[in-house]
2 protein chains.
Amino acid sequence: MDERVREHARTLVEWSARIEEGDDVVVRVGPDAHELAVAVAEELGERGANVVTTYADAEVTRAYLLGHDGDFAEDPAHELALYENADAVLSLGGGRNTTETADVPSEKRQAHSRAHAGVREARMETKWVSTEHPTRSLAQQAGMSGEAYRDFVYDAVFRDWEALATKQEKVKERLDDANEVRLISGDGTDLTMSVEGRVAVNSAASVAYDSHNLPSGEVFTAPSATEGEVVFDVPMTIHGRRVRDVRLEFADGEVVDYAAAQGEDAITEVLETDAGARRLGELGIGMNRGIDRVTDNILFDEKMGDTVHLALGRAYASNFPEGREDEANESAVHVDLITDVSEDSRIEVDGEVIQEDGAFWFEDGFDG
Amino acid sequence: MDERVREHARTLVEWSARIEEGDDVVVRVGPDAHELAVAVAEELGERGANVVTTYADAEVTRAYLLGHDGDFAEDPAHELALYENADAVLSLGGGRNTTETADVPSEKRQAHSRAHAGVREARMETKWVSTEHPTRSLAQQAGMSGEAYRDFVYDAVFRDWEALATKQEKVKERLDDANEVRLISGDGTDLTMSVEGRVAVNSAASVAYDSHNLPSGEVFTAPSATEGEVVFDVPMTIHGRRVRDVRLEFADGEVVDYAAAQGEDAITEVLETDAGARRLGELGIGMNRGIDRVTDNILFDEKMGDTVHLALGRAYASNFPEGREDEANESAVHVDLITDVSEDSRIEVDGEVIQEDGAFWFEDGFDG
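These numbers come from a predicted model, not from an experiment.

Caption draft 1: A look at the sheet that holds strand β16 (residues 334–340) of chain A. Residue and element names in this part refer to chain A. The five strands are arranged β7-β9-β14-β15-β16 in an open sheet whose pairing can be described as antiparallel. Bordering the open sheet on either side are β7 (201–203) and β16, each of which pairs with just one other strand. For this sheet, the mean inter-axis angle between neighbouring strands, taken without regard to orientation, is 20°. When β7 meets strand β9 (residues 218–221), the two strands line up antiparallel, connected through three bridges. When the sheet's bridge partners are listed, Asn202 is paired in β9 with Val219. Packed onto the sheet, helix α9 (residues 161–177) meets β7, β9 and β14 (280–286) and runs at close to 20° relative to β9.

Here it is as structure tokens:
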């Protein structure tokens, strides 16, 4: 076994999920994440945790959904009981084909998802963490060889998380105290957003930081009252379609005009989902410099150092003070769009520059 | 997909487990049983059942057990809750190496198994069925090519189960009414067993027949007061060791002498487990003529037409009238030994021949 697989498992179990003796853990195993599952099982055994492994396979899901007719049962008792009694849920992504469910009608997928809202909630009340094993399918999605892709994934996962958390804490505190964030860049972006009364999340790849992805490495909050224009120059895939150079224009918090060099219809579809889809749910600042290229996988792309992402749609409750979670933007979608801020760009907080051309105020090379 | 995989899935879901709309089903997927899992998921979807798939992998189990130190938690809450809330459990065997846990100390395996007694009981209170997908590993265990092994498995699984159940019912009734069964063959076997007050099971590969294996095809009961000698000429693997031509001598229900042409130490180990291991827990008559060769897999071997098997150790509660289950022989082991009865052999019930050279009294070629 590649020694990095063990190290990945150790990071997941120890740093990310903070597994303790006696924890009842569900490990969801993608079909090509087998090796990581073996390493995770050994780590969990060493810690005296208890394990149920589930098989998270897109071909099985597709076959079930295509076979099924009529309404889905709400929160099946056995599945709900499994997660309600779990202390932690570790999802080891490792699919074989990122487009396996492309021919399942989206209404059916959505209906199945809606019927499992309680199961999902139960899962999110545990110490849950999602990670990805570097599979051939993900390498292909990234346009990379398997070997290069494995190097990429482990560079992203093996960070000095403690040190990154300390850096991110500075950004979080700045955002927590702020009223307004402004994003400016040479490509025509000039956007202002209110972040008043919001709580930024220092997402340091650990449940101890309210962060549930490995890798992570971002600080995010929930903006409102968005005004101005923004261009997203990082290409992505949205609902199976390639999207490039999306331009959004906001007035009074809402998208009032938009365009894209490619995949404009995908943006149209997103914006037409519901009223909340025309508002922003997230402003995220990518701070993981182990991620140095776009791989067409949102788990990695949005964490890339020297990028900013904005999501159309649903906001996270974690960005609101307790008791005010109902102020979060509601939508059936949460679609991230990413822009490179490493050159000819700056982020201002209440009029002060906190980042210029990718360098934060506390870093070398900053001359804001 | 091989059309036979679909047919296997249909037989499992429809005939064996009798899945109904709304059933909460757990599907345990061996790592190489993926294709069967996809076909089963489609069948379950079509029937409107609800599915949780678990990953039943020996490498994961081995890593967990080797990593673990000290006592195992008793019946972890999440695992117990999953099975307590399930209506059916379908186990799709499909390992990659039948000897994967060979280097896990057996005390550790047993301790883990003992700690999961409640989970196992919960599982056995559902409509549970175990089957095997024809994997490369099982083909190798059988000494066969993959293609020939697939033909073998599907010949065993695709029977006219209704018709076989009718035939088996005759044998069951005969055994239920009987006091004594005698087994005689030219190799020196002459064994008598009491079956008075016992209930034979017509094992027709369906929960409707209290039968939990697909394939099945046997009638079995729980003997006592065994006297005489028996030779088992079907070779097998017991606890990882090859065993051939085992001879057991019984007096007053207990083994008093034994020998084997090969693997005698494995028999010694079995007999020394506990007091119950020296008594018989099962007398089974194999009636699945789709199984026409030994493949070193007990799920198939013991069902082979024209064979008889006897198990040292634990008896099944299903062979006892309600309220008298405590009469069942108790032991930590249940080890089947098999003998060919197709030639120079007969089975007598209360002095009457019911089978001679493999032909039952109700079949052509019988001249008992």
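Caption draft 2: Structural context of the packing of helix α1 (residues 3–16) of chain B against helix α8 (residues 146–157) of chain B. All names here are of chain B. Relative orientation of the contacting elements α1 and α8 amounts to 30°, with a least axis distance of 11 Å. Between α1 and α8 the crossing geometry is left-handed. Of α8, the residues touching α1 (which contributes Arg4, Val5, His8 and Thr11) are Arg150, Asp151, Tyr154 and Val157. Looking at side-chain class alone, the contact of α1 with α8 contains three nonpolar, two polar and three charged residues.

Caption draft 3: Inspection of the pattern of salt bridges at higher detail. In this structure the tally under the stated criterion is 62 salt bridges over all chains. Put simply, Glu229(A) and Arg247(A) hold a salt bridge, and the shortest N to O gap is 3.3 Å. One end of the pair, Glu229(A), is in strand β10 (residues 224–232); the other, Arg247(A), is in strand β12 (residues 241–251), and 18 residues separate them in sequence. Given the relative accessible area of 27%, Glu229(A) is considered partly exposed. On the accessibility criterion, Arg247(A) (22% relative accessible area) is partly exposed. A salt bridge links Arg244(B) to Asp245(B); the nearest nitrogen and oxygen atoms lie 3.5 Å apart. A relative accessible area of 36% means that Arg244(B) is categorised as partly exposed. Each member of the salt-bridge network shares a partner with another, and the members are Glu7(A), Arg10(A), Glu14(A), Glu43(A) and Arg47(A).

Caption draft 4: Region of the structure containing the domain arrangement of chain A. All names here are of chain A. What the domain assignment reports for chain A is domain 1 (3–157) and domain 2 (161–360). Placing the centre of domain 1 and that of domain 2 at their C-alpha centroids yields a distance of 25 Å. Contacts between the two partners involve 23 residues from domain 1, matched on the other side by 23 residues from domain 2. Taken as a group, Trp15, Phe152 and Ala156 account for 33% of the area that domain 1 buries against domain 2, more than any other trio of residues on that side. Counting every contact that joins domain 1 to domain 2 gives zero salt bridges. Counting every contact that joins domain 1 to domain 2 gives 13 residue pairs in polar contact (both at pLDDT 80 or more). Residue assignment for the side of domain 1 that touches domain 2 shows that the elements contributing at least two residues are α1 (3–16), β4 (127–132), α7 (136–142) and α8 (146–157).

Caption draft 5: Structural detail: the interface of chain A and chain B. Contact with chain A, which involves 38 residues of that partner, is made by 38 residues of chain B. Regarding the contact of chain A and chain B, the summed buried area is about 3200 Å², with carbon and sulfur atoms giving 66% of it. For the chain A face of the interface with chain B, the top three residues by lost area are Tyr55(A), Tyr64(A) and His78(A), together amounting to 23%. If you look at where chain A meets chain B, you find zero salt bridges. Applying the counting criterion to the chain A and chain B interface returns 14 residue pairs in polar contact (both at pLDDT 80 or more). Contributing elements (two or more residues each) for the side of chain A that touches chain B: β1 (24–29), α2 (34–46), β2 (50–55), α3 (58–67) and α4 (77–84) of chain A. For the side of chain A that touches chain B, the element with the most residues is α2(A), which contributes eight residues. Taken together, the residues of the side of chain A that touches chain B break down into 20 nonpolar, ten polar and eight charged.

Caption draft 6: Representation of the relation of the copies chain A and chain B. Least-squares fitting of chain A to chain B yields an RMSD of 0.0 Å, with the superposition described by an axial translation of 0.0 Å and a rotation of 180°. In short, the pair behaves as if placed about a two-fold rotation axis. For chain A, the minimum C-alpha distance to the rotation axis belongs to Thr54(A) and amounts to 1.9 Å. When the interface residues of chain A are mapped onto chain B, 100% of them again lie at the interface, so the same face is used by both copies.

Caption draft 7: Seen up close, the environment of Leu310(A). Residues and elements named next belong to chain A. By the element assignment, Leu310 lies in strand β15 (residues 307–313). For Leu310, a relative accessible area of 1% puts it in the buried group. In this view, Leu310 contacts Leu191, Met193, Val230, Phe232, Leu280, Glu282, Leu283, Val335, Asp336 and Leu337; residues no more than four positions away in its chain are not counted.

Caption draft 8: Quick look at empty space enclosed by the protein. Residues and elements named next belong to chain A. Using the criterion set out here, one finds three cavities of 30 Å³ or more in the structure. Roughly 40 Å³ of internal volume is contained in the largest cavity. Residue lining of the largest cavity: Pro31, Asp57, Ala58, Glu59, Gly95, Arg96, Asn97 and Glu100, and that is the complete set. Residues that form the lining of the largest cavity fall into these classes: two nonpolar, two polar and four charged. Residues of the lining of the second largest cavity, tallied by class, amount to two nonpolar, two polar and four charged.

Caption draft 9: Structural context of the sheet that holds strand β7 (residues 201–203) of chain B. All names here are of chain B. Strand order in the open sheet formed by five strands is β7-β9-β14-β15-β16, and the pairing between neighbours is antiparallel. The sheet terminates laterally at β7 and β16 (334–340), the two strands that pair on one side only. Averaged over all neighbouring strand pairs, the angle between strand axes comes to 20°, with direction disregarded. By the bridge criterion, six bridges tie strand β14 (residues 280–286) to strand β15 (residues 307–313) in an arrangement that is antiparallel. Among the inter-strand pairings, Leu280 is bridged to a residue of β15, identified as Leu312. Most of the contacts of helix α9 (residues 161–177) go to strand β9 (residues 218–221), to which it runs at about 20°, and overall it touches β7, β9 and β14.

Rules and cut-offs
Residues numbered from 1 in each chain as written. Chains lettered and ligands numbered in written order. Predicted model: local features only at pLDDT ≥ 70, side-chain atom pairs only at ≥ 80, totals over all residues. Heavy atoms only, no water. Pairing = 2+ DSSP bridges. Helix = DSSP H or I, 4+ residues; strand = E, 2+ residues; numbered from the N terminus. Axes fitted to C-alpha atoms, helices over the stretch in contact; angles between N-to-C directions. Contact = heavy atoms within 4.5 Å. Left-handed = near helix turned anticlockwise from the far one by under 90°. Nonpolar A, V, L, I, M, F, W, Y, C, P; charged D, E, K, R; others polar. Salt bridge = Lys/Arg side-chain N within 4 Å of Asp/Glu carboxyl O. Buried < 20%, exposed > 50% of the residue type's maximum accessible area, 1.4 Å probe, protein only. Domains from an automatic or database assignment. Buried area = accessible area lost by both parts, 1.4 Å probe. Polar contact = N/O pair within 3.5 Å; in protein donor to acceptor, adjacent residues only side chain to side chain. Least-squares fit on C-alpha atoms with pLDDT ≥ 70 in both. 1 Å grid on protein atoms, 1.4 Å probe; cavity = no way out; pocket = protein on both sides within 12 Å on 5 of 7 lines; lining within 4 Å. Points joined across faces, edges and corners; volume = space filled by probe spheres on them.

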